[in-house]
Amino acid sequence: MSVAVQDRTFDVLIVGAGVAGLYALHRMRTLGLRAKVLEAGAGIGGTWYWNRYPGARCDIESLDYSYSFSEAIQQEWEWSERYAAQPDILRYIKHVASTLDLHRDIVLNTRVEKLEYDASARQWTLTTAKERMVARFVIMATGCLSIPLDVAIPGIESFEGKVYRTSNWPHGPVDFHDLRVGLIGTGSSGVQVAPILARDASHLTVFQRTPNYSIPSHNRTLEAEFIKQWKADYSARRKAARQTRNFTNNDAGTAPGCDQTFEQREHEFERRWRETGGIGFMYAFPDMTTDATVNEHASDFVRRKIREIVKDQEVANLLCPRDYGIGGKRICVDTGYFEIFNRANVKLVDLKTDPIVRVTATGIMTQTREFALDALVLALGFDAMTGALLRVDIRGREGISLRERWKEGPRTYLGIAVAGFPNLFIVTGPGSPSVFANMVTSVEQHVDWIADCMSRMRERGDTCIEATVKAEADWFAHVAEVGARTMLAKAANSWYVGANVPGKPRVVMPYMGGAPQYEEICNRVAAENYEGFIRA
Ligand code: FAD
Ligand code: NAP
């Protein structure tokens, strides 16, 4: 059945209603532009709308992992935990949207399927299943981790129990009591959900392919006095965070680890593990991921901790990552993850030595045995950074397709723009620090840059802006060169480099040069009349 198509005209169309799309809508409105947000989900919040699994929480501290643009909002919102849980983050996002009256310009349940640029009209046509809209500008706020990986696990359709995906968790409560649960996937999502499953299920089998480095979160309830102090100088703290490598108020060490003795490094690792925990562990020394000795020391430190926590040394050894250094894959932050392997109702299955052959009606069959299961939880990750962009059929000047342009891997200028695709902006795209920094602040930085760019275009009477091929090539050569100095380039199967998706070109996608350095480059480009862009 064909669907009626209406033409509707806007100044800006924004794809995605996560923290990026919502802030983009707000900024477009402040410029007096007519904007609309199209969102595939039935609600706003993006990541925090979809990933509702028990245990889901941020691993950047809530007081940092929140919008900074409104002093009123940051003063009135009360975070209850150091790392807010998914329901709290979603409540916060909804609160911001209501405060700014964003809902009237958001269309839910609407997946954008196609975007085509008309060079003569200098406008984009956006197509959904139901309608077509046109706009001069498009902002892709489609998320770096919004397309769940479609992993073909043989026989999964024959399983007679319930199958749950962390990336698209049911909205109502899920009861695992008296169930034998199998969990596949031990990245950040798996590591967060596992302790809850271990607590609730009668038995949990964790199917692990690659072990991960995980740091204890030391999550806690935030005391009123602590919040009061923080809020007393919130804007100063935001400013300070903006100067750190990952846009957070972490206590980042500045002295290179390679200049310290083993004992000094050990002392610092111990302090961070015991007292602060979380991602801050990675900021013990500035050369944690670039100096092989420092990296191996930190990796070995975590392995020793795992062996201290997990009593059965055979299990502990299986949980210890060995074939890549810490930071080579995104580290995890947990609340009692390794501890679950001391429980009588938890079993670890090492898929490297005993791979899954198939899922059966009643469980999972590995090469050596069958595990009887009543429910399966899949925490298999995402087609990161490029997945959502390439799901849309984007056609730039002369019908050039983004999928074609990125066949060998993504290429952008600053992670924001692509040559051949005028007036199309990406928020936290490949080639920007994005997933390597506090993403809410990264989003604000990108959206502000985009809004300023549009405002300057209007002042000059420009109707078109496009990255040059040279600027894009130079930028991505720089992204690759900086990435090559880190453990990232060497990591076996990290999503940072696209290696978790079969056939995806292996490219270091995030910019590893540091968020403040990156912001400075973006600001310089703008100050130099948008160097690397053609405006007309
Ligand atoms: P998203 O929140 O992913 O929103 C994108 C939206 O676009 C989605 O709602 C999607 O449905 C929609 N969309 C995509 N394609 C289309 C289309 N074609 N048509 C219509 N709509 C479309 N980052 C941190 O910095 N700190 C954290 O602690 C942290 N924790 C995380 C925990 C989890 C479980 C996950 C998965 C990610 C986490 N992240 C974290 C990364 C997180 O994705 C970002 O922090 C942030 O929420 C991204 O916001 P966004 O708006 O850019 O993208
Ligand atoms: P992920 O880190 O990519 O982990 C996916 C897991 O699934 C890996 O253990 C992977 O094993 C496994 N897997 C994939 N295919 C498999 C297969 N066919 N058989 C067996 N195992 C398979 O994904 P994620 O855990 O969803 O996290 C993605 C990112 O989202 C994180 O890195 C982080 O940036 C963000 N996140 C953050 C938090 C937080 O703490 N705030 C929580 C969740 C997510 P291999 O490693 O062997 O591929």
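Before any of the text, the structure's been laid out above.
Residues numbered from 1 in each chain as written. Chains lettered and ligands numbered in written order. Predicted model: local features only at pLDDT ≥ 70, side-chain atom pairs only at ≥ 80, totals over all residues. Heavy atoms only, no water.

**With respect to the sheet that holds strand E15 (residues 370-372)**
Neighbouring strands of a sheet are bound in pairs by backbone hydrogen bonds; such pairs are parallel or else antiparallel. Across the sheet, three strands lie side by side as E13-E14-E15; this open sheet has antiparallel pairing. Across the chains shown, the open sheet's two edge strands, defined by having one partner strand only, are strand E13 (356-359) and E15. Each strand of the sheet is rotated relative to its neighbour by a mean of 20 degrees, with strand direction disregarded. Bridging between strand E14 (residues 363-366) and E15 involves three bridges; their strand directions are antiparallel. Paired with Met365 across the strands is Glu370, a residue of E15. (Pairing = 2+ DSSP bridges. Helix = DSSP H or I, 4+ residues; strand = E, 2+ residues; numbered from the N terminus. Axes fitted to C-alpha atoms, helices over the stretch in contact; angles between N-to-C directions.)

**Quick notes on the nonpolar core**
Judged by nonpolar contacts, the single largest core of 85 residues is most densely connected at Ile14, Met28, Ile139, Leu414, Phe425, Trp449 and Met454. With residues up to four places along the chain from it excluded, the contact list for Met454 reads Val12, Met28, Leu31, Leu33, Phe137, Ile139 and Phe425. Of all hydrophobic cores here, the second largest spans 50 residues; its members include Trp273, Phe285, Ile306 and Leu348. (Core = buried A, V, L, I, M, F, W, Y, C linked by side-chain atoms within 4.5 Å. Buried < 20%, exposed > 50% of the residue type's maximum accessible area, 1.4 Å probe, protein only. Contact = heavy atoms within 4.5 Å.)

**Remarks on the site of ligand 2**
The immediate surroundings of ligand 2 are formed by 24 residues, with Arg57, Ser189, Arg209, Thr210 and Lys329 found nearest. Asp59 places a polar side-chain atom, nitrogen or oxygen, 3.2 Å from an oxygen atom of ligand 2. Within the backbone of Ala379, an N or O atom sits 3.2 Å from an oxygen atom of ligand 2. Relative to its unbound accessible area of 910 Å², ligand 2 is 88% covered by the protein chains. The biggest single contributor to the shell around ligand 2 is helix H5 (residues 188-200), with three residues. (Near = heavy atom within 4 Å. Polar contact = N/O pair within 3.5 Å; in protein donor to acceptor, adjacent residues only side chain to side chain. Areas by Shrake-Rupley, 256 points an atom, 1.4 Å probe, with all protein chains shown as cover.)

**What about the site of ligand 1?**
Taken together, 31 residues lie around ligand 1, and Glu39, Thr47, Asp59, Tyr65 and Met439 are the ones closest in. Interatomic distance of 2.7 Å between a side-chain N/O atom of Thr47 and an oxygen atom of ligand 1. Note that a nitrogen atom of ligand 1 is positioned 2.9 Å from one of the backbone N or O atoms of Val112. Here ligand 1, which alone exposes 980 Å², has 95% of that area covered by the protein. Listing elements by their share of the shell around ligand 1, those giving two or more residues are helix H1 (19-30) and helix H2 (47-50). Ranked by the residues each element gives to the shell around ligand 1, the list is headed by H2, at three residues. When its residues are assigned to classes, the shell around ligand 1 shows 18 nonpolar, ten polar and three charged. (Nonpolar A, V, L, I, M, F, W, Y, C, P; charged D, E, K, R; others polar.)

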